[in-house]
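# Structure assessment
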Amino acid sequence: MEVPTENKEIVFLLADDHSIVRQGMEIVINDIVPKATIYHTSSLQQVIELVESKGIEMAIIDAHFPEGNSLHILPQMKALNPDIKILIFTGLEEELHTLKFIKAGANGYLSKLSEEDEIREALSTFIQKGEFFSDISRNLLVQFIYNPNLMNPLTSLTKREMEIAAMYAEGYGNLEIANTLDIKQNTVSTIKKNIFEKLKIENIVELIDLVKIHHKI
């Protein structure tokens, strides 16, 4: 027979560089699981150390820390403890980021912009089932099955197109790109047009956003 949630003794890790976020989470977790053991950290590096040393069963972790993105440490957390359940709790847009984090090993994605009762309900679901996916995440996962490029739209670009897209994102203009790559300026313009069509975007600002999100992280 399964132990009721309120009687479970679960070891949690709250990882966020804002202590007020961790304190708020701790209050909600203690309401749901009074016997929980809860560790806090504001450092990405310490996440790995705590998972290794404290037998963490459930981690609630921000997507972004001052020292970088938490995406790359999720596989390390799972390698140390394949049974660990990880909930990403972040202000980053769910539509843009959730699939990458799920692919890296997250068991759920919760927006910091959610209402308090939504957060409480999501945490209850996560603690009971070991996963939480909002309607947005579920829809994206279904779409991803039919269109794997959703994970990273840049995969539709050729090597040359990606090279030029990255240069635009770094602030290069058509002439600089043409000179650097030793190609004609109108060739650069044609490639730029192809990039925009493939990515379904209309301007350089949108391109910069896509490259930042999918190429650098």
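Preceding this section is the structure that the text describes.
Quick summary incoming for the structure in this document. (Residues numbered from 1 in each chain as written. Predicted model: local features only at pLDDT ≥ 70, side-chain atom pairs only at ≥ 80, totals over all residues. Heavy atoms only, no water.)

## Brief notes about the packing of helix H4 (residues 94–104) against helix H6 (residues 135–146)
Just so we agree on the cut-off: Axis definition: a line fit to C-alpha positions, over the contact stretch in the case of helices; interaxial angles, taken between N-to-C directions, run 0 to 180 degrees. Segments assigned H or I by DSSP are reported as helices when at least four residues long, segments assigned E as strands when at least two residues long, and all are numbered from the N terminus. Roughly parallel here means an angle under 35 degrees, roughly antiparallel means over 145, roughly perpendicular means 65 to 115, and every remaining angle is called oblique. Helix crossings get a hand from a simple test, with the near helix turned counterclockwise from the far one by less than a right angle marking a left-handed crossing and a clockwise turn marking a right-handed one. Here a residue-residue contact requires only that any non-hydrogen atoms of the pair lie within 4.5 Å. Amino acids are sorted into nonpolar (Ala, Val, Leu, Ile, Met, Phe, Trp, Tyr, Cys and Pro), charged (Asp, Glu, Lys and Arg) and polar (every other residue, Gly among them).
Taken N-terminus to C-terminus, the directions of H4 and H6 make an angle of 65°; their axes are 10 Å apart at the nearest point. The orientation of H4 relative to H6 falls into the category roughly perpendicular. In terms of crossing hand, the pair formed by H4 and H6 is right-handed. Of the residues in H6, those touching H4 at Glu94, Glu95, Thr98, Leu99 and Ile102 are Ile136, Ser137, Leu140, Leu141 and Phe144. Residue classes in the contact of H4 with H6 are distributed as six nonpolar, two polar and two charged.

## Focus on unusual backbone geometry
Note the threshold: Each residue gets one of three labels from its accessible area relative to the maximum for its type: buried under 20%, exposed over 50%, partly exposed in between, using a 1.4 Å probe on protein chains only.
One non-glycine residue with positive phi stands out, namely aspartate 182, at about 60°. Tracing the chain through its elements places aspartate 182 in the loop between helix H8 (174–181) and helix H9 (185–199). Its relative accessible area of 70% is what places aspartate 182 among the exposed residues. Positive phi, normally seen in glycine, also occurs at lysine 200, with a value near 55°. Position of lysine 200 relative to the elements: it lies in the loop between H9 and helix H10 (204–216).

## Here's the deal with the side chain of asparagine 107
Worth spelling out the cut-off: Polar contact is defined as a pair of N or O atoms within 3.5 Å, subject to the rule that within protein one atom must be able to donate a hydrogen and the other to accept it, and that residues adjacent in sequence are counted only when both atoms are side-chain atoms.
Relative to the elements of secondary structure, asparagine 107 occurs in the loop between H4 and strand S7 (108–111). Assessed through its relative accessible area of 13%, asparagine 107 is described here as buried. Only 3.0 Å separates the side chain of asparagine 107 from the side chain of lysine 78, close enough to count as a polar contact. If near-sequence neighbours (up to four positions away) are discounted, asparagine 107 is found in contact with Lys78, Ile84, Lys85, Ile86, Phe126, Gly130, Glu131, Phe132 and Phe133.

## Here we look at the packing of aromatic side chains
Condition: Aromatic pairs are defined between Phe, Tyr and Trp rings, using the six-membered ring for Trp, whenever the two ring centres lie within 6.5 Å; interplanar angles under 30 degrees are classed as stacked, those over 60 as edge-to-face, and all others as tilted.
According to the stated counting rule, one finds one aromatic pair in the structure shown. Ring centres 6.0 Å apart and planes at 55° place the aromatic pair phenylalanine 101 and tyrosine 109 in the tilted group. Tyrosine 109 matches phenylalanine 101 in its accessibility class, with the two residues each being buried.

None of the figures reported here should be taken as evidence of function without further support.
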